[in-house]
Amino acid sequence: HQGELHYYQGYHDVVSVLLLVAVEPPMVSAMSERVSLWYLRDAMRSGFDSILLVLKMLFPLIQKVDDQLYRALEASGVEPYVALPWIITWFSHDVKSLPAVERLFDAFLSSHPALPLYASAVLILDAREKVLECECEFPAMHSLLSSLARDPALDIPHLDG
């Protein structure tokens with residue numbers, strides 16, 4: 001797959017989790033290759049064009065569930081690209097609980113490659129009240145959304161046992 005896939009900033013976060021879980025270098029190598037080819041391929045192309053197209057589906061997904069929340073996001077001028085680090089690192093860059101990250105990886109590995117996009121939508125939907133109370137301007141909204149996955153109080157159901 002030489003020349004086909006390209007490193008991107010954040011890929012090391014994904015591989016680090018695989019290293020912590022699998023430990024054995026041959027297993028980590030095999031898992032990294034499989035994850036790269038089947039799940040992160042769009043992010044590993046020579047440019048981010050493919051992954052940016054995927055991200056453009058984030059706010060329409062939110063609109064299907066909560067039009068008021070969608071309108072608040074749109075009015076602020078914030079772009080769905082705020083979720084880029086969540087999707088390309090499978091949340092491992094922001095979520096600091098290793099058991100939570102391991103559970104997210106389990107879910108992502110056993111599901112469709114679009115699941116991180118849906119998880120991003122759920123994260124924003126879950127923060128509905130915060131988003132609606134936020135100033136309707138780009139800097140405030142971007143700051144709020146960027147911090148959602150880093151929130152130590154993040155409640156990912158059933159992640160701690």
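Everything that follows concerns the structure shown earlier in this document.
Predicted model, so just to flag it, every value in this text is computed and none were measured.

Caption draft 1: Just helix α4 (residues 58-65), in detail. Looking at α4, one finds that the buried residues are L58, F59 and I62. One side of α4 carries all its buried residues, which in axial view fall inside an arc of 90°. Close packing links the buried residues of α4 with α3 (49-55), α5 (67-76) and α8 (115-126).

Caption draft 2: Broad picture of the pattern of salt bridges. Under the criterion given, the structure shown has six salt bridges. With a closest N to O distance of 2.2 Å, R41 and E4 form a salt bridge. Residue R41 is located in the loop between α2 (25-38) and α3, and its partner E4 is located in the segment before α1 (11-22); the two are separated by 37 residues in the primary sequence. Sharing partners across several salt bridges, the network here consists of D66, R128 and E129.

Caption draft 3: Expanded view of the packing of aromatic side chains. As enumerated under the stated definition, the model contains eight aromatic pairs in all. Ring pairs connect the aromatic residues Y39, W86, W90, F91, F105 and F108, which therefore count as one cluster.

Caption draft 4: Quick peek at the side chain of S76. Here S76 lies in helix α5. Reaching out from S76, the side chain makes a polar contact with the backbone oxygen of L73 at a distance of 2.7 Å. What S76 contacts, discounting residues up to four positions off in sequence, is C136, E137, F138 and M141.

Cut-offs used in this document
Residue positions within a chain follow its written sequence, with the count starting from 1. Under the rules for a predicted model, residues below a pLDDT of 70 receive no local features and side-chain atom pairs below 80 are neither given nor counted, while totals for whole chains, interfaces and linings still include all residues. Neither water nor hydrogens contribute to the side-chain values; these are computed over all heavy atoms in the structure. Each residue is placed in one exposure class: buried if its accessible area under a 1.4 Å probe, protein chains only, is under 20% of its type's maximum, exposed if it is over 50%, and partly exposed if it falls in between. Secondary structure counts use DSSP, requiring at least four H or I residues in a row for a helix and at least two E residues in a row for a strand, with both numbered from the N terminus. The arc in question is the one traced by the directions running from the helix axis out to the C-beta atoms. For this analysis, residues touch if any pair of their heavy atoms sits within 4.5 Å. A side-chain nitrogen of Lys or Arg and a carboxyl oxygen of Asp or Glu constitute a salt bridge if their distance falls within 4 Å. Any pair of Phe, Tyr and Trp rings, taking the six-membered ring for Trp, is counted once the centres come within 6.5 Å. Such a pair is stacked with planes under 30 degrees apart, edge-to-face with planes over 60 apart, and tilted for the rest. Identification of polar contacts relies on pairs of N or O atoms within 3.5 Å, with a donor-acceptor requirement for protein atoms, meaning one able to donate a hydrogen and the other able to accept it, and with residues adjacent in sequence counted only if both atoms are side-chain atoms.

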